[in-house]
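# Reading the structure
These are the residues of each chain, in order.
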Amino acid sequence: MSQKFKRSYRFALRTALYISVFLTILLGGFMYFGLSSIWISLLIFATLCYLFTFLIIQYRVERFIYRRIKKVYDNVSLLDSKTLSPTQITTDMSSLTREVKKFAEDKKLEIETLKVREVYRKEFMGNVSHELKTPLFTVQGYILTLLDGAHKDKAIRKKYLARANKGVERLIYIVKDLDMITKLETGDLHLRYETFDIVELIQASFDLLEMKAARKEITLTFDIDYDDPVYVRADKERIQQVLTNLIVNSIKYGKKGGTTEISIENLIKNKVIVRVTDNGEGIEHENIPRLFERFYRVDKSGSRKEGGSGLGLSIVKHILEAHDEKIYVESVFGVGSEFSFTMEKSKAIPEERVIPEIT
């Protein structure tokens, strides 16, 4: 407090000194030269005193406030002192108020973002722990049983080793998916663009998953017969992975005797949209925004009765974003879901499909 008083006293003393010196010089000038009329002399003297006093006080106050605010800017690194100008400073310190308000709003937003990220981090770590410990404990259980003497029985040994191997395969599956997502996020996984027929690729995915769908009596079909090929340009292997993950999801959560239908539509001049629609159990509205998070489970029981790494939709999202494409979700709980994504069309025909001209 004493330091503040000293600064204000120094400011007042200097200002008073400047005014006193000016008034002394001005009064001396009037006395030396003199004027015929005392009233004219008083009028000129009062006018000059008013103008000078106003200017010196205004200048001194602005300089005093500016130095104090400049110090605040220098001490708070997020306030940009380069944007500060003496002409902006007024006695109400509106510039400082505006900047500090902006600073406070930015910090509040940053804190809220950090809180959301912290919640996500905790959930993610919990989910990773759950996904890894289940197969790890399973493998450990079988191995310990074998070590305790079960290895002497050939039939049990073979059965337990096969089950342990399945647990190891699941671990490898999860780690490979996590590694792929990390590479997609960091840009380390490079895409190999080529032109191919998306209809043919979808049919190949249907053939691959036909047995899996048959076990739940789910029909894999197109919405119409696509007699002509639809050429797109993308990484064929990654797009097949996208299709496979989406179709597998529709089978997992589809109803027995249901249908998974894929349609291809022209979106704009150089884009098509591929829709994967099912009449399964659907997704509740509050779960849709978080569907593409790693290990996010709509089923809060924590069970994985349908298998999978829990990373399928996250991989789908990252692959499409790497292609600069979008994915959309529409779902009605109890009715079904539709996942759709865009792709770049290609007018060019793949080299293996080019028919040479007969001369």
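Residues numbered from 1 in each chain as written. Predicted model: local features only at pLDDT ≥ 70, side-chain atom pairs only at ≥ 80, totals over all residues. Heavy atoms only, no water.

Next up on the list: the environment of His318. Structurally, His318 is set in helix H8 (residues 312-322). According to the relative accessible area criterion, His318 is buried, its value standing at 12%. Separated by 136 residues in the primary sequence, His318 and Thr182 have C-alpha atoms spaced 9.4 Å apart. (Helix = DSSP H or I, 4+ residues; strand = E, 2+ residues; numbered from the N terminus. Buried < 20%, exposed > 50% of the residue type's maximum accessible area, 1.4 Å probe, protein only.)

Attention shifts here to the sheet that holds strand S7 (residues 336-344). Consider a sheet: its strands pair through backbone hydrogen bonds, and that pairing is either parallel or antiparallel. Ordered in space as S2-S4-S5-S7-S6, the 5 strands form an open sheet in which the pairing is mixed. Bordering the open sheet on either side are strand S2 (219-222) and strand S6 (327-332), each of which pairs with just one other strand. Pairwise comparison of adjacent strand axes, ignoring direction, gives a mean angle of 20° for this sheet. Relative to S7, strand S5 (residues 271-278) runs antiparallel, the two sharing 8 bridges. The residue of S7 that forms the bridge with Val276 is Phe339. Here helix H5 (residues 198-208) sits on the sheet in contact with S2, strand S4 (259-268), S5 and S7, set at roughly 170° to S2. (Pairing = 2+ DSSP bridges. Axes fitted to C-alpha atoms, helices over the stretch in contact; angles between N-to-C directions. Contact = heavy atoms within 4.5 Å.)

Before going further, it helps to spend a moment on the packing of helix H7 (residues 236-252) against H8. Two elements in contact, H7 and H8, have axes separated by 9 Å at closest approach and are oriented at 145°. For the element pair H7 and H8, the recorded crossing hand is left-handed. Every residue of H8 that contacts H7 at Arg238, Ile239, Gln241, Val242, Asn245, Leu246 and Asn249 is listed here: Gly312, Leu313, Ile315, Val316, Ile319 and Leu320. Counted by class, the contact of H7 with H8 contains 8 nonpolar, 4 polar and 1 charged residues. (Left-handed = near helix turned anticlockwise from the far one by under 90°. Nonpolar A, V, L, I, M, F, W, Y, C, P; charged D, E, K, R; others polar.)

Turning to the layout of surface pockets, a few remarks are in order. Here the second largest pocket defines a volume of roughly 170 Å³. Lining of the second largest pocket is provided by Val230, Tyr231, Asn266, Lys269, Asn270, Lys345, Ser346 and Lys347. (1 Å grid on protein atoms, 1.4 Å probe; cavity = no way out; pocket = protein on both sides within 12 Å on 5 of 7 lines; lining within 4 Å. Points joined across faces, edges and corners; volume = space filled by probe spheres on them.)

So, about the side chain of Arg238. Secondary-structure assignment places Arg238 in helix H7. Among buried charged residues, Arg238 stands out as having no salt bridge; its nearest opposite-charge side chain is Glu237, 4.3 Å away. Leave out the neighbours within four places in its chain, and Arg238 touches Met180, Leu189, Leu191, Ile319 and His323. (Lys, Arg positive; Asp, Glu negative; His and termini not counted. Salt bridge = Lys/Arg side-chain N within 4 Å of Asp/Glu carboxyl O.)

In this structure, Ile198, Ile202, Ile239, Phe341 and Met343 are the most contacted members of the largest nonpolar core, which totals 50 residues. Broken down by element, this core gets its largest block of residues, 7 residues, from H7. With near-sequence residues (within four places) excluded, Met343 lies in contact with Phe196, Ile198, Val232, Ala234, Ile239, Asn270, Lys271, Val272 and Glu325. (Core = buried A, V, L, I, M, F, W, Y, C linked by side-chain atoms within 4.5 Å.)

Next up on the list: unusual backbone geometry. Despite not being glycine, Glu217 has its phi angle at roughly 55°, a positive value. Assignment of secondary structure puts Glu217 in the loop between helix H6 (210-215) and S2. The backbone of Asp324 shows a phi angle near 60°, a positive value even though the residue is not glycine. As for its position among the elements, Asp324 is in the loop between H8 and S6.

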